Structures are given as structure tokens and as C-alpha cells.
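Residues per chain, in single letters:
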Amino acid sequence: MPILRLIVTSDLHMHVRPYDYFEDREDESVGLAALAPLIEQARREVPLSLLLDNGDFVQGSPIGDVAADAFMQGESMPNPMIAAMNAIGYDAATLGNHEFNYGLDYLAHALAGAAFPIISTNLSAQAENAVALPSVILPRPVPGGDPVAPALQIGLLGLLPPQILQWDRGHLEGAVTVEDILEAAGREAQALRARGADIVIALCHSGIAGGAYRPGQENAAGHLGKVTGIDAIIAGHQHLRFPGSGEFEDLPGIDNKAGLIHGVPGIMPGCFGKYLGVL
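Attention here is on the structure that accompanies the text. (Residues numbered from 1 in each chain as written. Predicted model: local features only at pLDDT ≥ 70, side-chain atom pairs only at ≥ 80, totals over all residues. Heavy atoms only, no water.)

### Here we look at the packing of helix α1 (residues 32-45) against helix α3 (residues 80-88)
- The geometry of α1 relative to α3 is characterised by a closest axis approach of 11 Å and an angle of 20° between their N-to-C directions. Relative to α3, the element α1 is oriented roughly parallel. The element α1 and its partner α3 pack so that their crossing is right-handed. Contact with α1, carried on its side by L32, A36, I39 and R43, involves M81, A84, M85 and I88 of α3 and no other residues of that element.
- Its residues assigned to classes, the contact of α1 with α3 comprises seven nonpolar, no polar and one charged. (Axes fitted to C-alpha atoms, helices over the stretch in contact; angles between N-to-C directions. Helix = DSSP H or I, 4+ residues; strand = E, 2+ residues; numbered from the N terminus. Parallel < 35°, antiparallel > 145°, perpendicular 65-115°, else oblique. Left-handed = near helix turned anticlockwise from the far one by under 90°. Contact = heavy atoms within 4.5 Å. Nonpolar A, V, L, I, M, F, W, Y, C, P; charged D, E, K, R; others polar.)

### Description of the nonpolar core
- Ranked by internal contacts, the top residues of the largest apolar core, which has 37 residues, are L32, F57, L95 and F100.
- If one sorts the elements of this core by residue count, α3 sits on top with five residues.
- Every residue in contact with L32, bar those within four places of it in the chain, is listed here: L12, H15, V16, I39, M81, A84, M85, I88 and Y90.
- With 29 residues, the next largest nonpolar core counts I137, L159, A189 and M268 among its residues. (Core = buried A, V, L, I, M, F, W, Y, C linked by side-chain atoms within 4.5 Å. Buried < 20%, exposed > 50% of the residue type's maximum accessible area, 1.4 Å probe, protein only.)

### Some points on unusual backbone geometry
- Of note, the bond from F242 into P243 is cis; its omega dihedral lies within 30 degrees of zero at -5°.
- With respect to the helices, strands and loops of the structure, P243 is situated in the loop between β13 (241-242) and β14 (254-255).
- Phi at H13 is positive, roughly 50°, even though this residue is not glycine.
- Within the fold, H13 resides in the loop between β1 (5-9) and β2 (19-20).

Here it is, written out as C-alpha cells:
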């Protein structure tokens, strides 16, 4: 049985290099560039791998402000994080809430340079404001399998907190709408299956919280395991690690040792490039 490995980052927040941009000094504990050798190793170990990002990548350090300010001044420089992600070879990414902090015009400019699909299932916009696809299916041949056999069809959907409409109201009011996370996930998971997806992965820029689900909930990833048709869950937003962080102990349906969300494999890979998630 071939193994599919998901290699994931989340909440990079424009930490491109192993550098503390606030203190102006080297910091080997953070940065996408510091993860690059680990990503390469993880790919070598399992040929059938996807490299995915779970959102909040274009904002969060002074280099992000510099890139956005340059755009506002009429310069057309590539977004540094997107350029780094292209160089490393990401397969797909979803949007987080902080992607909208500089406005839709800058976000569209930054994402236009991506050599990989950007998805956001519960974000809807008119054509002139569109910045992401609702979902995507990535066909991948199975290593060592029958060369004439159909490729594995890997479906990806992306989810973000509906609260972006409050947090970035000045940029988003009247331009986009955001659907409830569970409603969008259930609908799109079934649509991906109908389109031929063999596996469906939820890239969910949302955290894991206890208690009953509330419509419009910000941290809803802990309930996605109950959505029919989802095979794996990538969580984020909280800047924590799952499995492992103590905040996830004793939550109903959450196995903080085995990394299961209501029986579905899940992972949350910390923040700032401090950790690499491998599922």
C-alpha cells in the first residue's frame, strides 16, 4: 500500500529567513528557509508527498510591511514569501485571516506570483475581487504502481475564520462574503468526491476548541472530523502544535497523542517556521 505524506506549514507570518526582523539579528529557530532541508528530506523519504501551507503567510514581519508599502508606492516587487514558496516547490496553499490585512489589491498582486494553486472554499467574491479557487484536485501518479493505472486524485479544500469580515471590514465590506466553516466543508467535500477525488484534505486556517459547535465559530477545525468525506485535517491559526500542545488535552473527540480529530488524522504545525508538520 503506497503512503501519501502531507508536509505542512502554517502561520509563517512572513518569516522567510532564519532571522528576527524585529531585533535585527539571526534566529535559527524560525523561518521557511531554515525548514527547507527538512522539507527536502521529508520528500526524499516518501515519494508520494504534497507540500502544503495553511495560511497567514503574507503578513507578520517587517519584510511583509516593506513589500506591501512598495506596492502602495507603485513598485511591482514580488512578494518575498511567495517567491520563497515557489523556490521550495509548494503544491498548494490556503488563505488565512491575515492575508487580507493589506487589502485585496495587494493580496491579488502577491498571489499572482504563486506557481501553485491558492484555495479558499468559504470565501466568495465577485470576479473583480477573486483571489483564490474554491478547491482543487491534484492528480499524482502512485510511485511503483502500474504505469497505466489512473493517477491518485487528491482533493484539497480551504477554510478560514468568518471573522475576517469584522477584523478587516475596511478592506472587505461589500467585496467578499464568508460562509460558515462546517457548511462550506461539507458541501465542497461532497463536490470534490463527485468530481473524482479519491482523497479529500481540509486545509483549515482555524483552531481546535472544545464545546459544542456554534455556527460561524472561529476555531472550528476540531469539528471537521465529523464532516463526511474528509480524510485529513490541517489546522492552524492558534500558533500551537497538534498533536502535543497541552491546550488540546481532554477535549471531546480530540486524541492529542495519536493526532486524531474525531477519528480523522489531523495536524497543526505551530508558527513562524519553528516546526514542520508531517502527516
